[in-house]
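# Analysis of the macromolecular model
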Amino acid sequence: MDTPNAPLIIIGAGPAGLYAAVQLGMKGHRSTIIDALPYPGGQCAALYPAGMINDAPSHHDISAASLVDQLKDQLQPFAPLLLTSRRAKSVWGSLDAGFSVETNTGETITGAAVIYAGGAGALIPRPLMTSGIEAVKGGVSYLTEGAQTSAGKRVAVFGDGEAAIDLALTVSRQAKSVALIHSTPLRAGQRTMNDLAGAARRLSVVNGDLSRVHSADGLLSRIEISVNGAAQMHDVDLLLVQAGLERARETITGLTDINNAMTGETETPGIFIIGDALPSASRPPVIAAGFSEASRAVEAIQQRFNADELTTPPHTTTSPDEQAHRNVA
Ligand SMILES: Cc1cc2nc3c(=O)[nH]c(=O)nc-3n(C[C@H](O)[C@H](O)[C@H](O)COP(=O)(O)OP(=O)(O)OC[C@H]3O[C@@H](n4cnc5c(N)ncnc54)[C@H](O)[C@@H]3O)c2cc1C
């Protein structure tokens, strides 16, 4: 089988998926990466960006956000297509006919092989359960989506963590007004808290429960905050919810069991599983394990498409391709 023209599909942009894309790029393959989150980085970016990792290969002290930045830099010369904010729902196909992945947004993404690097499942924003929310068809956004539409608007940001404060600070530079609403104590590093204090003239901070949202013709118009039992009304055009993440419960149809524990290939040749998504009680749920599995899956893919040739030099230090990539980057 010849090297495919079609890209390879990676489901999951956590460390394992990103590193698989790096490895694919180094072997001359394009990749399309799908993630449920609006940004790459998986658990590192979404759950503990400021957490210091001490056991990442060759980094004894690196923040999770910096580790993701390093991976993005390493990936940059290979220009993968990154499709965020959509969840893979089903996968089907074969090595001969090619594979398709259907997303919850109704797209069908095609590719020559599939690597599933979905960790413990798709990370999605925790939905707002506030009364009145079911009638709101526009004006409420989750995570960082919607922030770019905040210019000139009256914005409320709901959340108590670093991400909520960062978002409020960012939109306060262009919004008409910003209220940061938190129902539990703010949790952020000293630098972020200092930035928040320094922005007191651009944004207000309200400690209370978001008790109701109101809409007019389906568009958000007002929010009600209960502060020590008293209701406060705020007219708003845009509510940005940063209230944490949860895991989608759905599974991907078409993903079969592992057939080759060494490469992560499933019972469907051409579909691989790597990273924390691997179902093994003895596998440590760490980043280093995912990197190693990514390398092995990519090598197996390479051999599937070029079984009769030794195609790639084993080390990037001696690879002309890698030297070329470095020159491009
Ligand atoms: C608080 C905390 C601290 C940690 N500290 C360390 C540490 O110090 N050292 C260490 O090595 N490890 C640490 N870990 C573990 C490490 O982060 C994980 O092992 C690693 O992130 C797993 O990488 P992954 O790429 O396999 O999966 P993930 O990082 O979970 O990424 C999977 C991605 O796939 C996406 N996804 C899943 N299903 C779908 C779908 N159907 N469609 C679209 N997208 C989908 C998810 O949204 C997610 O972005 C820590 C974890 C936590 C929570």
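All of these numbers come straight from a predicted model, not from anything done at the bench. (Residues numbered from 1 in each chain as written. Predicted model: local features only at pLDDT ≥ 70, side-chain atom pairs only at ≥ 80, totals over all residues.)

## Here we look at the domain arrangement of the protein chain
How we decide: Where each domain begins and ends is defined by an automated method or by a domain database.
Partitioning the protein chain into domains gives domain 1 (8–124 + 247–328) and domain 2 (128–243). Inter-centroid distance (C-alpha atoms) of domain 1 to domain 2 is 35 Å.

## Observations regarding the site of the ligand
Rule in force here: Nearness here is judged by the C-beta atom: place it from the backbone, and if it falls within 6 Å of a molecule or strand, the residue counts as near that partner. Counting from the N terminus, the helices are DSSP H or I runs at least four residues long and the strands are E runs at least two residues long. We call Asp, Glu, Lys and Arg charged. Ala, Val, Leu, Ile, Met, Phe, Trp, Tyr, Cys and Pro are nonpolar, and the rest, Gly among them, are polar.
Surveying the vicinity of the ligand reveals 37 residues, the closest of which are Gly-12, Gly-14, Gly-42, Gly-119 and Gly-275. Elements supplying a minimum of two residues to the shell around the ligand: helix H1 (15–26), helix H2 (42–46) and helix H6 (287–305). In the shell around the ligand, the residues fall into 22 nonpolar, 11 polar and 4 charged.

## With respect to the pairing of strand E17 (residues 230–235)
We count it as follows: Three exposure classes are used. Buried residues have 20 or more other C-beta atoms within 10 Å of their own C-beta, exposed residues have 12 or fewer, and partly exposed residues fall in between, all C-beta atoms being placed from the backbone. Between any two strands, pairing holds if DSSP finds at least two bridges.
Among the 6 residues that make up E17, 0 are buried, leaving the element largely open to the surroundings. Pairing of strand E16 (residues 219–227) with E17, which is carried by 6 bridges, proceeds in the antiparallel orientation. What sits directly across from Ile-225, in E17, is Gln-232. Linking E16 back to E17 in an antiparallel pair, the connection comprises 2 residues, with Asn-228 at a positive phi of about 50 degrees.

## Brief notes about the sheet that holds strand E14 (residues 203–207)
Applicable threshold: Note on geometry: axes are lines fitted to C-alpha atoms, helical ones only across the stretch in contact, with angles between N-to-C directions running from 0 to 180 degrees. Throughout, a residue-residue contact means that the two C-beta atoms, derived from backbone geometry, are no farther apart than 7 Å.
Strand order in the open sheet made by the 5 strands is E11-E18-E12-E13-E14, with parallel pairing throughout. The open sheet has two edge strands with one neighbour each: strand E11 (140–142) and E14. Within this sheet the neighbouring strands show an average axis-to-axis angle of 20 degrees, counted without direction. With 5 bridges connecting them, strand E12 (residues 154–158) and strand E13 (residues 177–182) associate as parallel partners. Note that in E13 the partner of Val-155 across the bridge is Val-178. Helix H4 (residues 162–171) rests against E12, E13, E14 and strand E18 (238–241) of the sheet, and its axis sits at about 170 degrees to E13.

## Structural notes on the environment of Ser-177
Its place among the elements puts Ser-177 in strand E13. It is 33 Å that separates the C-alpha atoms of Ser-177 and Ala-248, two residues lying 71 residues apart in sequence. Apart from residues no more than four positions distant in its own chain, Ser-177 is found in contact with Arg-154 and Val-155.

## Looking at helix H3 (residues 64–75)
Quick note on the threshold: The span you would expect from a helix comes to 1.5 Å times its residue count less one. In this description, the arc belongs to the directions extending from the helix axis to the C-beta atoms.
In this model H3 runs 17 Å from its N-terminal to its C-terminal C-alpha over 12 residues, within 8% of the 16 Å that 1.5 Å per residue would give. The set of residues buried in H3 consists of Ala-64, Leu-67, Val-68, Leu-71 and Leu-75. Looking down the long axis of H3, one finds its buried residues gathered within 100 degrees of arc, a one-sided arrangement. Looking at the packing, one finds that the buried side of H3 touches H1, H2, strand E3 (52–53) and strand E4 (62–63).

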